[in-house]
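# Coordinates in review
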Amino acid sequence: MNNIETAELIPSAPNYNPDAVPFTVASSDVQKMMERYQYSEEIRKVIEAEKLLPTGLLSRLQASYPQHSGLLERRQFLFNERDNYTGLKGFREVSSILEANGVDIGYTADRELFVEVYRFLATRHSLNSIDWDNFETDAVFQLVMPQPGMINEKVTQAYANAATAEERTRIAVAYQEETNPHDGNQQLNKPWFENSEGEVEFLDGSQHKYPQCQLVFDRTTQNCFSFCTYCFRHAQVRGDEDMFIQKDIAQIHDYLRVHPEVTDLLITGGDGGYMPVNRLEQYVRPIIEDPALLHVKNIRLATRSLTFQPEMILSHKYDKMLALFSDLRDNGVQLAWMAHFSTPRELLNPSTIAAIRRLQNAGVNIRSQSPMMNHISLFTHEDGSVDVERSAQNWIDLAEILGMMCISFHSMYAARPTGEHHYFTAPLADYQRVFNLIYRSLSSINRPSRHLSMTISAGKLAIMGYSIINGEKCFALQFTEARNMAWMDRVFMAKWDESENKINLLQPYEGEKHFFEDELKEIEESLAAALQARLA
């Protein structure tokens, strides 16, 4: 690096020692990145005009985390012809491209069974993020590509032995009944209200479990950019009959007007990033203009587009969406972009970095909330025991990178008991050990904003740590969200268990029930009766 480049990178550092911090990314490297990613002339101009890839930032990221970075990689991408690959046909096309390039991922029957049960979709960006020279241990490979051992051996063997494609599909459809797409009694969270005619209306595409936050599953968000193999909402993207889907936007506003406790509208799916700008404006314009909706302070957009399709944010086609985000900011409504980063690798590429900075320039507050999933962001030794140090380091590095990118580390949570839970989960005792190491290794400003939690019907239940009572070790638990918010005030104890991976199955330290169980039963029965009356 010459003196001119150095001075441009750190103009306010007269005592800078060029040997102390190895800044390694120059302007010429940025040009090579854009060539490698095959950016259109339009995207190149956007990046350059809006200064979305400053060499100072790229150099610091590269120098700090070269082991995770793809910034200076030069190998050619394998996937260039299509924006995404979907379904069984798309999966086979991906496999064919890999085989043509000398990569044999094997286990065809296992993987195709998973595709038929849960679907498959992967973007060019996500597939090109994978290190195909070491794909078996690559986190993004585990995230988007089905793996052997996910579905039990008996079903997999029957699928492999089936004589026809029709028989294989029948086996996959039958297995779908066992996938538990609505864990935590999600169907009980459908809200209702009495309209101006005195009639009761149910919101079929919404959930309102906690007072301050209402979830919306809009009809335009029932898809994803890539499908996560651990998907907690596979009923939505699979198109199950009991999926949540909101068609009427005015109904949401009518509900909000009679529920002043709601401060946050969370648009999710599928992927909230799929919503077109004209549709989003129909949701947010009344929130900006109607005094009766003044209590709605935050619009949350739950999306993984920064991991799977960041280039869309760099196009001029996205300018109208950015203008809407700026309009929200100028009217005192926070647009919280709820990203889901699980690994440093997802962040350290030019497309994601540029997209993050473009969103931030429009006043978007990006926050990251992610599950700790075995094989992706939690790792084990050869004997199957959790590698606490390696697992924690993944999250420590991720947290520091989020801080460098001015992204809030919102929360971490344990695998929910849906889909192939056995493959992605680990004992809660190990989850706690990993989280404790993460928490005490980070400065307070970069720590996750709440302790590791797991969603159950009662709410979001966090492991606060452990305690020793009368010489006996026990879990210390506390709700961070609850069906009765007063439950959040109480820390309570559960018996220590080295093998249990579901938090609702931990045994009370004292007595036969946890303090909230009787009231929870009453709440669930009341909600179930109301829902049954609606469906009758």
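Refer to the structure above for everything that follows.
First things first, this report covers the structure right here in the doc. (Residues numbered from 1 in each chain as written. Predicted model: local features only at pLDDT ≥ 70, side-chain atom pairs only at ≥ 80, totals over all residues. Heavy atoms only, no water.)

Turning our attention to the pattern of salt bridges. Taken as a whole and assessed by the stated rule, the structure comprises 22 salt bridges. Residue Glu73 is joined to Arg75 by a salt bridge in which the shortest nitrogen-to-oxygen separation is 3.3 Å. Three or more residues joined by partner-sharing salt bridges are found here, namely Arg36, Glu73, Arg75 and Arg345. (Salt bridge = Lys/Arg side-chain N within 4 Å of Asp/Glu carboxyl O.)

Contact geometry of helix α12 (residues 249–257) with helix α13 (residues 277–289) gives a least axis separation of 10 Å together with a crossing angle of 20°. One element, α12, and the other, α13, form an angle in the roughly parallel class. With respect to the hand of their crossing, α12 and α13 are arranged in right-handed fashion. Residue-level contacts link Ile249, Ile252 and His253 of α12 to Arg279, Gln282, Tyr283 and Pro286 of α13. (Axes fitted to C-alpha atoms, helices over the stretch in contact; angles between N-to-C directions. Helix = DSSP H or I, 4+ residues; strand = E, 2+ residues; numbered from the N terminus. Parallel < 35°, antiparallel > 145°, perpendicular 65-115°, else oblique. Left-handed = near helix turned anticlockwise from the far one by under 90°. Contact = heavy atoms within 4.5 Å.)

What follows is about the environment of Pro286. Considering the arrangement of structural elements, one finds Pro286 in helix α13. Taking relative accessible area as the criterion, Pro286 reaches 21% and is therefore assigned partly exposed. In this structure the C-alpha to C-alpha distance between Pro286 and Ala250, which are 36 residues apart in sequence, comes to 9.5 Å. (Buried < 20%, exposed > 50% of the residue type's maximum accessible area, 1.4 Å probe, protein only.)

Moving on, we get to unusual backbone geometry. Here His375, not a glycine, exhibits a phi torsion of approximately 80°, which is positive. Within the secondary structure layout, His375 lies in the loop between β10 (365–372) and α17 (388–404). Overall, the relative accessible area of 26% leaves His375 in the partly exposed class. Although it is not a glycine, Cys406 sits at a positive phi angle of roughly 60°. Inspection of the secondary structure assignment puts Cys406 in the loop between α17 and β11 (408–414).

On to the pairing of β10. Moving residue by residue along a regular strand, the side chains alternate between the two faces of the sheet. For β10, a buried count of 6 out of 8 residues is recorded, marking the element as mostly surrounded by other parts of the structure. Across 4 bridges, the pairing between strand β9 (residues 334–339) and β10 is parallel. Within the sheet, the bridge partner assigned to Trp337 lies in β10 and is Ile366. Considered for its hand, the β-α-β crossover made up of β9, helix α16 (residues 350–361) and β10 is right-handed. Following the backbone out of β10, through α17 and into the adjacent parallel β11, one traces a crossover that is right-handed. (Pairing = 2+ DSSP bridges. Right-handed = clockwise from strand over helix to strand, strands pointing away.)

This part is about α13. Over its 13 residues, α13 runs 17 Å from end to end, which matches the ideal 18 Å to within 8%, given 1.5 Å per residue. The largest bend in α13 comes to about 35°, at Tyr283, with the proline Pro286 one to four residues further on. In the core, the buried residues of α13 are packed alongside β6 (213–217), α12, β7 (264–268), β8 (298–302) and α15 (319–330). (Expected span 1.5 Å × (residues − 1). Bend = angle between axes of the 7 residues up to and from the residue.)

Counted by the stated rule, this structure contains 6 cavities of 30 Å³ or more. Size it by volume and the largest cavity reaches roughly 120 Å³. Looking at the largest cavity, it is lined by 15 residues, and the ones nearest its centre are Tyr37, Asn128, Ser129, Arg345 and Asn349. Ranked by residue count, the leading element in the lining of the largest cavity is helix α7 (residues 124–128), at 3 residues. Class assignment of the residues belonging to the lining of the largest cavity gives a composition of 4 nonpolar, 7 polar and 4 charged. Computed from the structure, the second largest cavity encloses a volume of approximately 90 Å³. As for the second largest cavity, its lining consists of Phe114, Tyr118, Arg119, Phe227, Cys228, Thr229, Tyr230, Cys231, His234, Val237, Gly419 and Glu420. Among the residues forming the lining of the second largest cavity, the class breakdown is 7 nonpolar, 3 polar and 2 charged. (1 Å grid on protein atoms, 1.4 Å probe; cavity = no way out; pocket = protein on both sides within 12 Å on 5 of 7 lines; lining within 4 Å. Points joined across faces, edges and corners; volume = space filled by probe spheres on them. Nonpolar A, V, L, I, M, F, W, Y, C, P; charged D, E, K, R; others polar.)

Now for the packing of aromatic side chains. Going through the model one piece at a time under the given rule, you end up with 28 aromatic pairs. Among the aromatic residues, those joined into a cluster by ring pairs are Phe79, Tyr85, Trp132, Phe135 and Phe141. Just above the ring of Phe379 sits the side chain of Arg390; from NZ or CZ to the centre is 3.9 Å. Above the ring of Tyr439, the side-chain terminus of Arg447 is found at 4.8 Å from the ring centroid. (Phe/Tyr/Trp six-rings, centres within 6.5 Å; stacked < 30°, edge-to-face > 60°. Lys NZ or Arg CZ within 6 Å of the ring centre and 35° of its normal.)

Another aspect to go through is the layout of surface pockets. Taken as a whole, the largest pocket encloses approximately 1,100 Å³ of empty space. The wall of the largest pocket is formed by 46 residues, among which Arg233, His340, Gln369, Tyr413 and Arg416 lie closest to the centre. Looking at the lining of the largest pocket, the elements that each hand over two or more residues are β5 (206–210), β6, β7, β8, β10, β11, β12 (453–456) and β14 (472–482). Among the elements that take part in the lining of the largest pocket, β11 stands out by supplying 4 residues, more than any other. Taken together, the residues of the lining of the largest pocket break down into 18 nonpolar, 17 polar and 11 charged. Reported here for the second largest pocket is a volume of approximately 430 Å³.

Another point: the nonpolar core. Judged by nonpolar contacts, the single largest core of 149 residues is most densely connected at Trp132, Leu306, Phe325, Trp337 and Leu359. With 8 residues, the top contributor of residues to this core is α17. Apart from the residues within four sequence positions on either side, Trp132 is in contact with Arg75, Leu78, Phe79, Leu98, Val103, Ile105, Leu127 and Phe141. Listed in part, the 6 residues of the second largest apolar core include Cys213, Leu215, Phe244 and Ala302. (Core = buried A, V, L, I, M, F, W, Y, C linked by side-chain atoms within 4.5 Å.)

On to the packing of α13 against α15, then. Where α13 contacts α15, the axes come no closer than 11 Å and their chain directions differ by 10°. Taken together, the axis directions place α13 and α15 in an arrangement best described as roughly parallel. On α15, the residues that touch Val277, Leu280, Glu281, Val284, Arg285 and Ile288 of α13 are Lys320, Met321, Leu324, Phe325, Asp327 and Leu328.

With 5 of 5 residues buried, β6 lies mostly within the body of the structure. Strand direction decides the pairing type here: β5 and β6, joined by 3 bridges, are antiparallel. Pairing of Gln207 across the sheet is with Leu215, part of β6. Where β6 and β7 come together, 5 bridges link them in parallel fashion. Across the sheet, the residue bridging to Leu215 is Leu266, located in β7.

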